[in-house]
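# Commentary on secondary and tertiary structure
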Amino acid sequence: MKSRRWIALSLLVSGAALFGLLAVTFTPETRAYLGEVSIAALLLAVGLQASAVFCRILRLRVLCRGLGYTVPLRSLTVTLLLSLFAGSITPGQVGGEPVRIHRLSRSGLAVGDAVAVAVVERVLDLVVFFSLTLAALLTVRHLWGYLAATVLYPVVVFLLLVLGLLLALIVLISRPALMKRVVGGVAGRIMDRCGRSRRWLRFCPGVGDAGSLAGRIDHEVEAFAAGFSRFIRTGRRAVAGALAFTILEWVSLFSVASALLVALGLPPSLAESYLFQGILQMVANIPLIPGASGISEIGAATLYSRIVPAYLLGLFVVLWRLTLYYLNIPIGLLAGAFAEREQREAQSEKGATDRGNA
């Protein structure tokens, strides 16, 4: 029920923003241009998005194998699609990681190893995202004057925060004792915020009280640190492969907008578009509204107004959101149906086994 409310809210806000943008920018020139939109370029944009998703699936598979786990590709596909769906309907895309960790642990990974995989994914994303956005920023110096009046300084601050987060993560990983204190402190604050109510314990299966939760935290932190150490010692090849897939993923993802520009008969403007996509990705990570609905549309219209004519701006933003955002929702719901069927099949097999043993 709660997920339905998130979906409804995100679609309502995003739809209102898109409708308003189209109402402002739709002109007779726009109507005349509709028949000239390149279908091949639109298909290329969808293909680039699909390629980015496939690269993420392969990255998951490589990282799991790096820790000695073999997870079926079908299960990883469902896991990734559910993760994208959860990220699309939660503020700041915060719902993706918990879904991935839960699904990976159900696929046979220890919880600590599943967390290690998710953290390595996020570290690789930050490294590649930081590199691409910084390279694009240095390339489009002719836009610095315009950006300085809008988003240049927030972008620089965000990139510095990303760099600081990476350094802090490295320190925590290298010092498990410090990580235990930090995680335990965060858990303690959550308990205090909840008035030390026992209701929050239902989110921690197998935990009976706060004392056992502290023990569970210590155990999982140790498992996470051990999994990360295995990546460093024996999983370097897996991390290198995952890095290659991460680069392909982000390049494909950032290229979707350029393909849409070509579909509208405009230059691809790769450097400018890569920078704009980086900025919009930063906006999407701000935990304000599910799927950054409304904010993404307004941000895209503001940034791309520099390279897209006004009469095509609304149409471009609609196509961009349809490709990168709206497609995740029906595909995620379909993945959810597959996950439910998997669960029913597993329960049926377990019931048959129990009856056979009886």
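Here's what I pulled together on the structure shown here.

Criteria and cut-off values
- Sequence positions are assigned chain by chain, starting from 1 and proceeding in written order.
- Note on the predicted model: pLDDT of at least 70 is required for a residue's local features to be given, and 80 or more for side-chain atom pairs to be given and counted; whole-chain, interface and lining totals, by contrast, use all residues.
- Note that water and hydrogens are dropped before the side-chain values are worked out from all heavy atoms of the structure.
- Strands here are runs of E lasting at least two residues and helices are runs of H or I lasting at least four, both read from the DSSP assignment and numbered beginning at the N terminus.
- For every residue, the accessible area (1.4 Å probe, protein chains only) is compared with the maximum for its type, and the residue is labelled buried under 20%, exposed over 50%, or partly exposed between those bounds.
- By definition, residues are in contact when any of their heavy atoms lie within 4.5 Å.
- Note on areas: Shrake-Rupley with a 1.4 Å probe; residue coverage comes only from the protein chains shown.
- Arc, as used here, means the arc of the directions from the helix axis to the C-beta atoms.
- To get an axis, fit a line to the C-alpha atoms, keeping to the stretch in contact for a helix; angles then go from 0 to 180 degrees between the N-to-C directions.
- In what follows, roughly perpendicular refers to angles from 65 to 115 degrees, roughly parallel to angles under 35, roughly antiparallel to angles over 145, and oblique to any angle outside these ranges.
- We call a crossing left-handed when the near helix sits turned anticlockwise from the far one by less than a right angle, and right-handed when that turn is clockwise.
- Just so you know the grouping, Ala, Val, Leu, Ile, Met, Phe, Trp, Tyr, Cys and Pro go in nonpolar, Asp, Glu, Lys and Arg go in charged, and all remaining residues, Gly too, go in polar.
- The rule is short: rings of Phe, Tyr and Trp, with Trp giving its six-membered ring, pair when the centres are within 6.5 Å, and they are stacked under 30 degrees, edge-to-face over 60, tilted in between.
- Only one rule defines a salt bridge in this text: a Lys or Arg side-chain nitrogen within 4 Å of an Asp or Glu carboxyl oxygen.
- Among buried residues, the Ala, Val, Leu, Ile, Met, Phe, Trp, Tyr and Cys ones that are joined through side-chain atoms within 4.5 Å form a nonpolar core.

Okay, the overall build of the chain next. The helix and strand inventory of the chain stands at 15 helices and zero strands. Expressed as a percentage of its 358 residues, the buried residues of the chain come to 44%. Pairs at least 24 residues apart make up 78% of the contacts formed inside the chain by residues separated by at least 6 positions. For the chain, the exposed surface amounts to about 18200 Å²; the carbon and sulfur share of it is 67%.

With that settled, consider helix H5 (residues 96-106). Every buried residue belonging to H5 is among Gly96, Arg100, Arg103 and Leu104, and all of these are buried. The buried residues of H5 all sit within an arc of 100° when viewed along its axis, so they share a single face.

Here the focus is the packing of helix H4 (residues 73-88) against H5. Two elements in contact, H4 and H5, have axes whose closest approach is 7 Å; the angle formed by their N-to-C orientations is 155°. When the axis of H4 is compared with that of H5, the two are roughly antiparallel. Crossing hand, H4 versus H5: right-handed. Where H4 approaches H5, its residues Ser75, Leu76, Val78, Thr79, Leu80, Leu82, Ser83, Ala86 and Gly87 are matched on the opposing element by Gly96, Val99, Arg100, Arg103 and Leu104. Of the residues contributing to the contact of H4 with H5, the split by class is seven nonpolar, five polar and two charged.

Let us now look at unusual backbone geometry. Look at serine 269: it is not a glycine, yet its phi comes out positive at around 45°. In this fold, serine 269 is placed in the loop between helix H11 (236-263) and helix H12 (270-284). Judged by its relative accessible area of 19%, serine 269 falls in the buried class.

A full pass over the atoms with the stated rule returns seven aromatic pairs. Considering the side-chain rings of tyrosine 33 and tyrosine 311, the 6.1 Å spacing of their centres and the 65° angle between planes classify their relative orientation as edge-to-face. You can see tyrosine 33 sitting in helix H2 (residues 28-33) and its partner tyrosine 311 sitting in helix H14 (residues 310-326), a full 278 residues away along the chain. Residue classification places tyrosine 33 among the buried residues on the basis of a relative accessible area of 17%. Relative to tryptophan 250, the ring of phenylalanine 129 has its centre 5.6 Å away and its plane inclined at 55°; by these criteria the two rings are tilted. Here phenylalanine 129, found in helix H6 (residues 111-139), pairs with tryptophan 250, found in helix H11; they are 121 residues apart in sequence, far enough to count as distant. The pair phenylalanine 129 / tryptophan 250 is uniform in exposure class, with both members buried.

All right, on to the pattern of salt bridges then. According to the stated counting rule, one finds seven salt bridges in the structure shown. In this structure, the salt-bridge partner of aspartate 125 is arginine 122, at a minimum N-O distance of 2.4 Å. Placement of both aspartate 125 and arginine 122 in helix H6 is noted, with a separation of three residues, approximately one turn of the helix. The class of aspartate 125 is buried, set by a relative accessible area of 4%.

Glancing now at the packing of helix H3 (residues 39-66) against H6. Where H3 meets H6, the axes come as close as 10 Å, and the angle between the chain directions of the two elements is 130°. Comparing their axes, H6 and H3 come out oblique. Every pair of crossing elements has a handedness; the one defined by H3 and H6 is right-handed. Listed contacts from H6 to Arg56, Arg59, Leu60 and Leu63 of H3 are Val117, Val120, Glu121, Arg122, Leu124 and Asp125. Of the residues belonging to the contact of H3 with H6, the class tally is five nonpolar, no polar and five charged.

For soluble globular proteins, nonpolar side chains are generally found buried alongside one another. Of all hydrophobic cores here, the largest spans 57 residues; its most connected members are Leu264, Tyr304 and Phe316. For this core, the element with the highest residue contribution is H14, accounting for 11 residues. If we ignore the near neighbours within four places in the chain, the residues touching phenylalanine 316 are Ala257, Leu260, Leu261, Leu264 and Tyr304. Among the nonpolar cores identified, the runner-up in size contains 22 residues, and Ile57, Leu109, Val120 and Leu124 belong to it.

A few words on the side chain of threonine 79. Following the sequence through the fold, threonine 79 ends up in helix H4. Overall, the relative accessible area of 0% leaves threonine 79 in the buried class. With residues near it in sequence (within four places) discarded, threonine 79 still touches Leu60, Arg100 and Arg103.

Residue placement: alanine 242 occurs in helix H11. Between the alpha carbons of alanine 242 and leucine 58 there is a distance of 7.9 Å; along the sequence they are 184 residues apart. Setting aside its immediate chain neighbours within four residues, alanine 242 contacts Arg59, Val62, Leu63 and Leu124.

What follows concerns the environment of glycine 20. Here glycine 20 is to be found in helix H1 (residues 2-25). Along the sequence, glycine 20 and glycine 314 sit 294 residues apart, while their C-alpha atoms lie 8.9 Å from each other.

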